[in-house]
Amino acid sequence: MSDRLQGEARKDALAELENWQEVSGRDAITRSLRFADFNAAFGFMSRVALKAEQMGHHPEWFNVFNRVDITLSTHDAGGLTALDVKLAKFIDSLA
């Protein structure tokens with residue numbers, strides 16, 4: 001299990017994720033992405049799913065047509081960890 005990011009480590013990690021916002025009321029980050037169509041959105045989700053499975057760390061997400069909303073938080077740590085930052089960076093590399 002990863003430890004929750006706190007203090008300067010958290011601030012530095014969030015500064016590296018310019019497309020992500022903190023979720024109000026919980027220790028998590030979120031991003032909304034739009035694609036050309038459903039096929040592109042689903043293809044993106046498939047690539048993220050393969051990486052998430054490899055990491056053993058899975059996103060919360062919601063998909064409608066060409067939109068994918070993603071929330072990252074490490075549930076067993078009770079909040080944001082280095083695993084979330086690593087997955088967010090992977091997601092950014094695909095977007």
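This report concerns the structure included in the present document. (Residues numbered from 1 in each chain as written. Predicted model: local features only at pLDDT ≥ 70, side-chain atom pairs only at ≥ 80, totals over all residues. Heavy atoms only, no water.)

**Thoughts on the sheet that holds strand β1 (residues 21–22)**
Next up, step 1: If you trace the four strands from one edge of the open sheet to the other, you get β1-β2-β4-β3, paired in antiparallel fashion. Edge strands, defined here as strands with exactly one partner in the open sheet, are β1 and β3 (60–64).
Next up, step 2: Pairing analysis gives two bridges linking β1 to strand β2 (residues 29–34), with the strands arranged antiparallel. Its bridge partner lying in β2, E22 is registered against I29.
Next up, step 3: Across the sheet, helix α2 (residues 38–55) touches β2, β3 and β4 (67–72), and the angle it forms with β3 is around 165 degrees. (Pairing = 2+ DSSP bridges. Helix = DSSP H or I, 4+ residues; strand = E, 2+ residues; numbered from the N terminus. Contact = heavy atoms within 4.5 Å. Axes fitted to C-alpha atoms, helices over the stretch in contact; angles between N-to-C directions.)

**A word on the nonpolar core**
Next up, step 1: Ranked by size, the top nonpolar core spans 21 residues in total, and within it W20, I29, F44, V68, I70, L72 and I91 carry the most contacts.
Next up, step 2: Listed by contribution, the elements that provide at least two residues to this core are α1 (7–15), β2, α2, β4 and α3 (82–94).
Next up, step 3: If one sorts the elements of this core by residue count, α2 sits on top with five residues. (Core = buried A, V, L, I, M, F, W, Y, C linked by side-chain atoms within 4.5 Å. Buried < 20%, exposed > 50% of the residue type's maximum accessible area, 1.4 Å probe, protein only.)

**Regarding the packing of aromatic side chains**
Next up, step 1: Counted according to the given criterion, the structure contains two aromatic pairs.
Next up, step 2: Judged by centre distance (4.9 Å) and plane angle (35 degrees), the ring pair of F35 and F44 falls under tilted. Accessibility assignment for this pair places F35 and F44 in one class, buried.
Next up, step 3: Note on F38 and F42: the rings are 5.7 Å apart at their centroids and 35 degrees apart in plane angle, and the pair reads as tilted. Placement of both F38 and F42 in helix α2 is noted, with a separation of four residues, approximately one turn of the helix.
Next up, step 4: Given the relative accessible area of 40%, F38 is considered partly exposed.
Next up, step 5: Between K51 and the ring centre of F90, over which it is positioned, the NZ or CZ distance is 5.6 Å. (Phe/Tyr/Trp six-rings, centres within 6.5 Å; stacked < 30°, edge-to-face > 60°. Lys NZ or Arg CZ within 6 Å of the ring centre and 35° of its normal.)

**Let's talk about a nonpolar patch on the surface**
Next up, step 1: A cluster of nonpolar side chains, F38, F42, F62, V64 and F65, forms an exposed patch at the surface whose accessible area comes to about 500 Å².
Next up, step 2: Where the nonpolar patch is concerned, the elements lending two or more residues are α2 and β3. (Patch = residues over 30% accessible without salt bridge, like charges linked within 9 Å, V, L, I, M, F, W, Y side chains within 5 Å. Areas by Shrake-Rupley, 256 points an atom, 1.4 Å probe, with all protein chains shown as cover. Salt bridge = Lys/Arg side-chain N within 4 Å of Asp/Glu carboxyl O.)

**What about the environment of V48?**
Next up, step 1: Checked against the element boundaries, V48 lands in helix α2.
Next up, step 2: Each C-alpha atom, one on V48 and one on L94, is 8.4 Å from the other, the two residues being 46 residues apart in sequence.
Next up, step 3: Sequence-distant contacts of V48, that is, excluding residues within four places in its chain, are made with P59, W61, F90, I91 and L94.

**Details of α3**
Next up, step 1: Under the 1.5 Å per step criterion, the end-to-end length of α3 is 19 Å for 13 residues, consistent within 8% with the ideal 18 Å.
Next up, step 2: Among all positions in α3, only D84, V85, L87, A88 and I91 are buried. Taken end-on, α3 shows its buried residues confined to a sector of 165 degrees, consistent with a single buried face.
Next up, step 3: The secondary structure elements touched by the buried residues of α3 are α1, β2, α2 and β4. (Expected span 1.5 Å × (residues − 1). Arc of directions from axis to C-beta.)

Purely geometric numbers; function is a separate question.
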